Amino acid sequence: MTVADADLDRLADALRRSARGTVVFTGAGVSIASGVPSFRGQGGLWTRYDPAEYASIAALRADPAKVWGFLRELRRTLDAAVPNPAHTAIAALEAVGAVTAVVTQNIDGLHQRAGNARVIELHGSDRTLSCLDGGHTFDRSDVEHLADDPVPCCPTCGDVLKPDVVLFGEQLPQAPFRRAEHALRHCDVLLVVGTSAEVYPAARLPGTARRCGASVWEINPVAELGDVDGTIRGGAEDVLPALVEALRPVRSWRTIPRMLRGLRAERWFRD
Ligand SMILES: [Zn+2]
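Since this is a predicted model, take the numbers as computed values, not measurements. (Residues numbered from 1 in each chain as written. Predicted model: local features only at pLDDT ≥ 70, side-chain atom pairs only at ≥ 80, totals over all residues. Heavy atoms only, no water.)

J.: I tried to follow the environment of Ala86 on my own but got confused; where do I start?
T.: Topologically, Ala86 is positioned in helix H6 (residues 85–95). Judged by relative accessible area, Ala86 falls into the buried class, the value being 0%. (Helix = DSSP H or I, 4+ residues; strand = E, 2+ residues; numbered from the N terminus. Buried < 20%, exposed > 50% of the residue type's maximum accessible area, 1.4 Å probe, protein only.)

Structure follows, in structure tokens:
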């Protein structure tokens, strides 16, 4: 698919003019091309697994073996996923200094694997695990030997372990949310990619950016946000690489003498 859209050029211009930089806010849509199933919506994980039964903090306390069965399956799916061209494009934009932060609702870690260093994970990650009540936290690699236990338990206090991702019935952790708000108050462009941003409190982030003077753009197959400066309809894995291309200088200084030589040669031929 080619992205031919005047809005893409307007967005590229906004990124070029942005003095304070661009923040990218991502959701499930950015990872679908990586084979990560969406959670909500048609065919999503929550149409097959009732979140109250498999992914809530209450369920983990009531029936940890059942919830851990689901968490292990989810982990296998995430481990098999690889960054797609959308992740690679966002990493390229950070590498050239255009993107100052990525705020994500995803727990798949694919932005980091693509090369982004400044990633704020609103829903946590399972690179670490903590016990339910004891406050002991472990790197995943340190408790890997417990991975096949029906219910992995804290090596220190024996309590049930939980990956540090936000389960249903839990609040979003405060620290990453505050960092996200700070990043959004200090950017000139907010790119909302592959999310309907309809779940609070994350849903209020685009409004925060707009009130602080940023222009807000949406990249999504279907327009979902109301108050935006532009929507580019399409999959993130198509639109973002096209945006990187649109940002490249059309002709570098080095090619101009070559072009002039080419023109002269052409005229010589014609004459
Ligand atoms: Zn513990």
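J.: How should I be thinking about the coordination of the zinc ion in this particular structure?
T.: Reference geometry at the metal: tetrahedral coordination by four donors gives ideal angles of 109.5 degrees; octahedral coordination by six donors gives 90 or 180 degrees. Within the protein, Cys131 (SG), His136 (ND1), Cys154 (SG) and Cys157 (SG) serve as the donor atoms for the zinc ion, at 2.1 to 2.4 Å. Coordination geometry of the zinc ion: the 4 donor atoms subtend angles of 104 to 118 degrees at the metal centre, consistent with an arrangement described as tetrahedral. Counting along the primary sequence, the residues that act as donors to the zinc ion give the motif C-x4-H-x17-C-x2-C. On the criterion of sequence distance, the pair formed by Cys131 in strand S4 (residues 124–131) and Cys154 in the loop between strand S5 (137–139) and strand S6 (161–165) is long-range, its members being 23 residues apart. The same class applies to Cys131 and to Cys154, which are both buried. (Donors = N, O, S within 2.8 Å, 3.2 Å for Na, K, Ca; no water. Tetrahedral: all angles 85-135°; square planar, octahedral: opposite > 155°, others 65-115°.)

J.: Teacher, can you tell me more about the layout of surface pockets here?
T.: By rolling a water-sized probe across the atoms, one finds the places where empty space is left. Quantified by volume, the largest pocket comes out at close to 1200 Å³. Forming the walls of the largest pocket are 49 residues, and the residues nearest its centre are Ala28, Phe39, Arg40, Gln105 and His123. In terms of residue count, the dominant contributor to the lining of the largest pocket is helix H5 (residues 64–80) (4 residues). In this structure, the second largest pocket encloses a volume near 370 Å³. (1 Å grid on protein atoms, 1.4 Å probe; cavity = no way out; pocket = protein on both sides within 12 Å on 5 of 7 lines; lining within 4 Å. Points joined across faces, edges and corners; volume = space filled by probe spheres on them.)

J.: Is there a simple way to think about the pattern of salt bridges in this case?
T.: When the charged atoms of two side chains with opposite charge come close together, those side chains can pair. Summed over the entire model, instances satisfying the criterion amount to 16 salt bridges. A salt bridge links Arg20 to Asp188; the nearest nitrogen and oxygen atoms lie 2.9 Å apart. Of the two residues, Arg20 sits in the loop between helix H1 (6–17) and strand S1 (22–26) while Asp188 sits in the loop between helix H8 (174–185) and strand S7 (189–193), which places them 168 residues apart along the sequence. With its nearest N and O atoms 2.5 Å apart, the salt bridge here joins Arg127 to Glu121. For Arg127, a relative accessible area of 40% translates into the label partly exposed. Accessibility expressed as a relative area gives 14% for Glu121, which makes it buried. (Salt bridge = Lys/Arg side-chain N within 4 Å of Asp/Glu carboxyl O.)

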